[in-house]
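# Geometric and topological summary
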Amino acid sequence: MNSRITKLQTAIEPLRTQIINHEVYAQINSLDDLRIFMGYHVYAVWDFMSLLKALQIELTCTTLPWFPVGSGNTRSLINEIVAGEESDLDVCGIKKSHFEMYLDAMEQCGAETSEIKLFIETLQSTSDFDRAFLTAGTAEAAKSFVNYTFKLALGKQPHLQASAFTFGREDLIPGMFHTMVSDLNNKFPDQLSLYKYYLDRHIEVDGDQHSHLALAMTAELCADDDLHWQQAEQAAIDALQQRVALWDAALQAIKSLKFAAI
């Protein structure tokens, strides 16, 4: 293992632990709770693709005429992940992006999808994030999360994009959450089978191979540049702090629902 990767991982471990042990997972014990969580999480599922596409733009040739860009290893990693995330097979064998699969899971579960759909429709027609957030009524934590992602995605600094991608998006949903979803799916298979499938595919597609390649990509992009490593560490920390804030907001919304039901 690259010693600088190890140092970065040590620096972010407290935040990773905070996310993996976040109270929001323990509070999700009904379909209503899960629907609220999905309403927040869907923004992270959506903007993940833009972070990934930003890396594809920076590390491969996406313009004409074509020229070889960067190393074959990084091109292979990004193109493989894009293919897996953008055109995976859903439960019926139909090719869809993971975001589209997530929307299907939300609709089967009864979670509200009008907000995220309105956000995307407004953004597509206006290219104005602030207007899209306002029109959709996006929660502040989700707005902040997406804004940070696009700050990196549009920043044209692939070492920062790679760090947030590698350390801020991988392996952050604990096994206990998958177990909880599986238990709920046993009770409500007609409402959660698509969500369970999505989580299973997420684990399978983003498994050890992609994780190792992403680490190698970050190490290659930072190389021996001390400033790049410092910036990469801060980008990872910022990305994880955004995730904590998103989960905090979801937790508060779930608790508010429970309190209102008393």
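Quick notes on the rules
- Residues numbered from 1 in each chain as written.
- Predicted model: local features only at pLDDT ≥ 70, side-chain atom pairs only at ≥ 80, totals over all residues.
- Heavy atoms only, no water.
- Axes fitted to C-alpha atoms, helices over the stretch in contact; angles between N-to-C directions.
- Helix = DSSP H or I, 4+ residues; strand = E, 2+ residues; numbered from the N terminus.
- Parallel < 35°, antiparallel > 145°, perpendicular 65-115°, else oblique.
- Left-handed = near helix turned anticlockwise from the far one by under 90°.
- Contact = heavy atoms within 4.5 Å.
- Salt bridge = Lys/Arg side-chain N within 4 Å of Asp/Glu carboxyl O.
- Buried < 20%, exposed > 50% of the residue type's maximum accessible area, 1.4 Å probe, protein only.

Where helix 3 (residues 31-59) contacts helix 11 (residues 189-205), the two axes come as close as 13 Å, and the packing angle between them is 40°. Taken together, the axes of helix 3 and helix 11 are oblique relative to one another. Note on packing geometry: the crossing formed by helix 3 with helix 11 is left-handed. Contact residues: helix 3 offers Leu31, Leu34, Arg35, Phe37, Met38, His41 and Val45, while helix 11 offers Gln191, Leu192, Tyr195 and Tyr198.

Our focus in this paragraph is the side chain of His22. Relative to the helices and strands, His22 resides in the loop between helix 1 (3-20) and helix 2 (23-27). Ignoring any residue separated from it by four or fewer positions in sequence, one finds His22 in contact with Val244, Trp247, Asp248 and Leu251.

Any two side chains of opposite charge can pair if their charged atoms end up close together. One pass over the full model with this rule turns up 13 salt bridges. In this structure, the salt-bridge partner of Glu86 is Lys53, at a minimum N-O distance of 3.1 Å. Taken as a pair, Glu86 in helix 4 (residues 72-86) and Lys53 in helix 3 lie far apart in primary sequence, 33 residues in all. Assessed through its relative accessible area of 38%, Glu86 is described here as partly exposed. Here Lys53 falls in the partly exposed class, since its relative accessible area comes to 26%.

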